[in-house]
Amino acid sequence: MCLLIFLRLFIYNDLMKINKKIIWRFFIILLILIIALEALTRLLGIADVPLRDSNSVTGYIPKSSQSGRFLTNDWNINAMQMISTKEFSSDNNEILLAGDSIIYGGNSLKQKDRVGEQLDSIMLDINVFTIADASWGFKNSLNYLEANQEKLFGIERIIFILNSGDFGEPSSWRCGSFHPISKPVSHLIFAVRKYFIPQCLAKPKKDTLVKDYNATRKLNLLVSKFKNTDFIIFLYQNRNEYKNKHNLIKLLDKDIHTRVGVYQLIDYSPIWKNKYYSDGIHLTSEGTAALAKILKRVTNAN
């Protein structure tokens, strides 16, 4: 009987030792795997996206003077928080594009393939810059212009690229996964959260809430202040709107300033093709090049 008890205890202790070894090995392998995935995430640049400033003026906006690479696609933000490789200088030979993700470009495009850079490459003696961010509305762009009007005062032309979703309330910061305001400690955790469990607030915080207002009044006020600047609104139809030749001019107020030129994508059918959309609204690199050619025609016509 005693021998049986002894054997049982002996076997139990051996099993416990084996189980502890298995558990330790499991955790060591898991730790190595996590470290390897963290290193791979950093190497590929999956979490290397522009950091943002959050505020109650533009809601959120790329921080100034930063650059990086998401996978194989590089990006650059200049000192004026513009998505441009060039530094801004107001010499009356600039075009400023203002808008949302259509011209911001996002992770799917290299810097050279974004609309602003494409237009800059085909405009002689004109420097093209882009102020934009994903999910910005018309009012976010107007607020940026108002806040930086002294620096932008001598600019030759400002072009708003607007779609049908840009005429509502201004966007406010509420999502650290899509508009991060600080560098992540772990790139792996940031990537997992972004693509599977986004960290977004249900409502914006009070200190980053952008107040709503009448966009036409502010636009007209800016036009009156920028006396030597041409203003253009380019209305951009998404895939379905373009297919159905949906006219977006009805979204504009009738009392918009007479100095504001208005154009829209559906008027350039010979140049534009359905294949230029990468999804329901965004662009392929071919699409950004085609849109740049259209914008060049617009600037020449205005």
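Residues numbered from 1 in each chain as written. Predicted model: local features only at pLDDT ≥ 70, side-chain atom pairs only at ≥ 80, totals over all residues. Heavy atoms only, no water.

A. Region of interest: the overall build of the protein. A count of helices and strands for the protein gives nine helices and nine strands. Whereas a compact globule of 302 residues would reach a radius of gyration of roughly 19 Å, the protein reaches 26 Å, over 25% beyond that. Seen through its principal axes, the protein has C-alpha atoms that stretch 105 × 40 × 40 Å. Split into buried and exposed, the 302 residues of the protein put 46% on the buried side. Intrachain contacts of the protein at a sequence separation of at least 6 include 74% that bridge at least 24 residues. Mean positive and mean negative side-chain charge positions of the protein (39 and 28 charges, respectively) differ by 9 Å. (Helix = DSSP H or I, 4+ residues; strand = E, 2+ residues; numbered from the N terminus. Rg over C-alpha atoms; globule rule 2.2 N^0.38 Å. Buried < 20%, exposed > 50% of the residue type's maximum accessible area, 1.4 Å probe, protein only. Contact = heavy atoms within 4.5 Å. Lys, Arg positive; Asp, Glu negative; His and termini not counted. Charge placed at Lys NZ, Arg CZ, Asp CG, Glu CD.)

B. Fine view of the packing of helix H4 (residues 138-147) against helix H7 (residues 215-225). Orientation of H4 relative to H7, taken along the N-to-C sense of each, is 30°, at an axis distance of 10 Å. Accordingly, the angle class assigned to the pair H4 and H7 is roughly parallel. H7 is crossed by H4, and the crossing has left-handed handedness. In this structure, H4 contributes Phe138, Lys139, Leu142, Asn143, Leu145 and Glu146 to the contact, and H7 contributes Ala215, Lys218, Leu219 and Leu222. (Axes fitted to C-alpha atoms, helices over the stretch in contact; angles between N-to-C directions. Parallel < 35°, antiparallel > 145°, perpendicular 65-115°, else oblique. Left-handed = near helix turned anticlockwise from the far one by under 90°.)

C. Spatial organisation of the layout of surface pockets. Taken as a whole, the largest pocket encloses approximately 420 Å³ of empty space. Lining the largest pocket are 19 residues, with Tyr104, Gly106, Asn107, Ala134 and Lys194 sitting closest to its centre. Contributing elements (two or more residues each) for the lining of the largest pocket: helix H2 (101-104) and helix H6 (187-196). Of the residues assigned to the lining of the largest pocket, the class counts are seven nonpolar, nine polar and three charged. (1 Å grid on protein atoms, 1.4 Å probe; cavity = no way out; pocket = protein on both sides within 12 Å on 5 of 7 lines; lining within 4 Å. Points joined across faces, edges and corners; volume = space filled by probe spheres on them. Nonpolar A, V, L, I, M, F, W, Y, C, P; charged D, E, K, R; others polar.)

D. A look at empty space enclosed by the protein. Inspection of every chain in the model, using the stated rule, returns one cavity of 30 Å³ or more. The volume enclosed by the largest cavity comes to roughly 30 Å³. Contributing to the lining of the largest cavity are Ser84, Thr85, Lys86, Glu117, Asp120, Val128 and Phe129. Of all elements in the fold, only helix H3 (115-122) and strand S6 (127-132) reach the threshold of two or more residues within the lining of the largest cavity.

E. Inspection of the packing of aromatic side chains at higher detail. This structure, assessed with the given rule, holds 10 aromatic pairs. On the numbers, 6.1 Å between centres and 65° between planes, the contact of Phe138 with Phe167 is edge-to-face. Residue Phe138 is located in helix H4, and its partner Phe167 is located in the loop between strand S7 (157-162) and H6; the two are separated by 29 residues in the primary sequence. Where Tyr236 meets Trp272, the ring centres are 6.3 Å apart and the plane angle is 85°; that geometry is what we call edge-to-face. Linking Tyr236 in the loop between strand S8 (230-235) and helix H8 (239-243) with Trp272 in the loop between strand S9 (260-264) and helix H9 (285-301), this pair joins segments that are 36 residues apart in sequence. Comparing Tyr236 with Trp272, the two get one shared label, buried. When the ring centre of Tyr104 is taken as origin, the NZ or CZ atom of Arg114, which lies over that ring, is 5.8 Å away. A cation over a ring is seen here: Lys245 above Tyr242, with NZ or CZ 4.1 Å from the ring centre. (Phe/Tyr/Trp six-rings, centres within 6.5 Å; stacked < 30°, edge-to-face > 60°. Lys NZ or Arg CZ within 6 Å of the ring centre and 35° of its normal.)

F. Molecular detail of the side chain of Thr216. Within the element layout of this structure, Thr216 appears in helix H7. Relative accessible area serves as the criterion here: at 9%, Thr216 is assigned to the buried category. At a separation of 2.6 Å, a polar atom in the side chain of Thr216 contacts the side chain of Asp253. Non-local contacts of Thr216, meaning those with residues more than four positions away in its chain, are made with Asp253, Asp255 and Ile256. (Polar contact = N/O pair within 3.5 Å; in protein donor to acceptor, adjacent residues only side chain to side chain.)

G. Representation of the nonpolar core in the model. By size, the foremost hydrophobic cluster in this structure holds 35 residues, and its most contacted members are Leu97, Ile161, Phe234, Tyr236, Trp272, Leu291 and Leu295. When residues of this core are traced back to their parent elements, those giving at least two are strand S4 (73-77), strand S5 (94-99), H2, H3, S6, S7, S8 and H9. In terms of residues, this core owes the most to one element, H9, which gives six residues. What Ile161 contacts, discounting residues up to four positions off in sequence, is Leu97, Ala98, Gly99, Asp100, Ile102, Ile103, Asp166, Phe234, Tyr236 and Leu295. Counting residues in hydrophobic clusters, the runner-up holds 33 residues, among them Leu96, Phe138, Phe226 and Leu252. (Core = buried A, V, L, I, M, F, W, Y, C linked by side-chain atoms within 4.5 Å.)

H. Representation of unusual backbone geometry in the model. We note that Ser65 has phi near 50°; this positive angle belongs to a residue other than glycine. On the secondary structure map, Ser65 appears in the loop between strand S2 (60-62) and strand S3 (66-70). The exposed category is assigned to Ser65, whose relative accessible area is 53%. The residue Leu71 is not glycine, and still its phi comes out positive at about 55°. Judged by its relative accessible area of 37%, Leu71 falls in the partly exposed class.

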